[in-house]
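Overview (structure and organization)
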Amino acid sequence: MLTASYSRRALALALGIAFACATAMLPVRAQGPRERTMFVSAVDQKGEPVEGLGPNDFVIREDGAAREVLRVSHAIEPIDIAILVDDSGASEDMMPRVREGLRSFIAKMSQGNQITIIGLADRPTILADYSSNTKRLEDAVGLLWPRSRSGSTFMDALYEVSRGLARRETPRAVIVPVMTDGGDFVNRHYEQVMPEVRSAGAAIHAVTIGTFTSSDPDELRNRARVLSEGTKSTGGQRVNLLTPMAVQSSLERLARELSSQYKVVYGRPDSLIPPEKIEVSARRPELTMRGTLERGTGTSK
């Protein structure tokens, strides 16, 4: 009996060793690519959203390397929207048009999203905290009046709003400055502000009114750089208007664009080093695309 029991144990041990050796000799299956998600706007030459696009219509590159687009769908994830309004003394001529435009924008975007409205005169002032309550937001718009002998604090507001957004977990975030070309009190510089915007994963979509010709070197280096470089690098845009007549139509067009974004899932190698630059473009030359990674990990949920 002892001999039989010992033989069975020896046989089991031998089979286990053989299985382990055979397993070690099998080829290791390569790990599949990690999935990442971008929210992408696709617009035509008039700035209007283009519908019905599929994976083959999108080109995504990380540090110049093309990535495979796996899935494309209509984005339904909620958006945190921070509206920064220049209500300084320079806004007197534009403010009636701005209020009209903001009411239209809120009517379109408040459902399912969270919107905050912040005045920029003298210091950033929260007129309405994040809310989807249309009446509360419209009441805040009614509080927007030009404050005489005051200047804008755009850079400070952008810094503080971005830090606040970083503590929120909504998949998408957008900052919408509505500004004149009046003076800006520069307390924070581009190099301080833009890292906070990128850390928040927010896209800057700016609507500006005026010529924005300034001889102030700080203003040129900071506000102007955010409006030119910062908008593009975050997946946003700048719409510059010479007069306030088109403010309402510009904000309505922005609302249509944000409501029509695509959720684009693509594959990338599993790497410890994140890419420095992610670009999205259209295969069709008549289309313009801009996008921002899903906030948080950027991975598909």
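Report on the accompanying structure. (Residues numbered from 1 in each chain as written. Predicted model: local features only at pLDDT ≥ 70, side-chain atom pairs only at ≥ 80, totals over all residues. Heavy atoms only, no water.)

Digging into the overall build of the protein
As a reminder, the rule being used: Put simply, DSSP H or I for four residues or longer makes a helix, DSSP E for two residues or longer makes a strand, and each gets a number counted from the N terminus. Contact criterion: two residues are considered in contact whenever any of their non-hydrogen atoms come within 4.5 Å of each other. For the area figures, the Shrake-Rupley method with a 1.4 Å probe applies, and any residue is considered shielded solely by the protein chains shown.
Helices and strands together make up the secondary structure of the protein, namely eight helices and twelve strands. Expressed as a percentage of contacts within the protein between residues at least 6 apart in sequence, the contacts between residues at least 24 apart total 83%. Carbon and sulfur atoms provide 53% of the accessible area of the protein, an area that totals close to 15800 Å².

A word on the side chain of T170
What counts here: Here the term buried applies to any residue with accessible area under 20% of the maximum for its type, exposed to any over 50%, and partly exposed to those in between, with areas from a 1.4 Å probe on protein chains only.
Following the sequence through the fold, T170 ends up in the loop between α4 (154-165) and β7 (172-180). The class for T170 is buried, based on a relative accessible area of 14%.

Focus on the sheet that holds strand β12 (residues 288-293)
What counts, and what does not: Whether two strands pair depends on DSSP finding at least two bridges between them. Angles here are taken between N-to-C directions and fall from 0 to 180 degrees, while the axes themselves are lines fitted to C-alpha atoms, restricted in helices to the stretch in contact.
Strands sit in the order β11-β2-β3-β10-β1-β12 across an open sheet of six strands; the sheet is antiparallel. This sheet does not close on itself; its edge strands, each paired only once, are β11 (278-282) and β12. On average, each strand axis in the sheet is tilted by 35° relative to the strand beside it, whichever way the strands run. As paired elements, strand β2 (residues 58-62) and β11 share five bridges and run antiparallel to each other. Opposite I60, over in β11, you have V280 as the bridge partner.

Here's the deal with empty space enclosed by the protein
To keep it simple, the criterion reads: The rule is simple: put a 1 Å grid over the protein atoms alone, call a set of points where a 1.4 Å probe fits but cannot get out a cavity, call an open set with protein on both sides within 12 Å along at least five of seven lines a pocket, and count a residue as lining if it has an atom within 4 Å of a point. Grid points are joined across faces, edges and corners, and a volume is the space filled by probe spheres set on the points.
Overall, the coordinates contain one cavity of 30 Å³ or more when judged by the stated rule. As for the largest cavity, its lining consists of 14 residues, of which R172, A173, V174, Q261 and T292 are closest to the centre. Among the elements of the structure, β7, β8 (203-209) and β12 are those that each provide at least two residues to the lining of the largest cavity.

Let's talk about unusual backbone geometry
Backbone phi values are negative for most residues with the exception of glycine, while trans is the configuration of most peptide bonds. The backbone of D122 shows a phi angle near 65°, a positive value even though the residue is not glycine. Here D122 is to be found in the loop between β5 (114-119) and β6 (125-131). Its identity as a non-glycine residue notwithstanding, R149 has a phi of 55°, on the positive side. Within the secondary structure layout, R149 lies in the loop between α3 (134-142) and α4.

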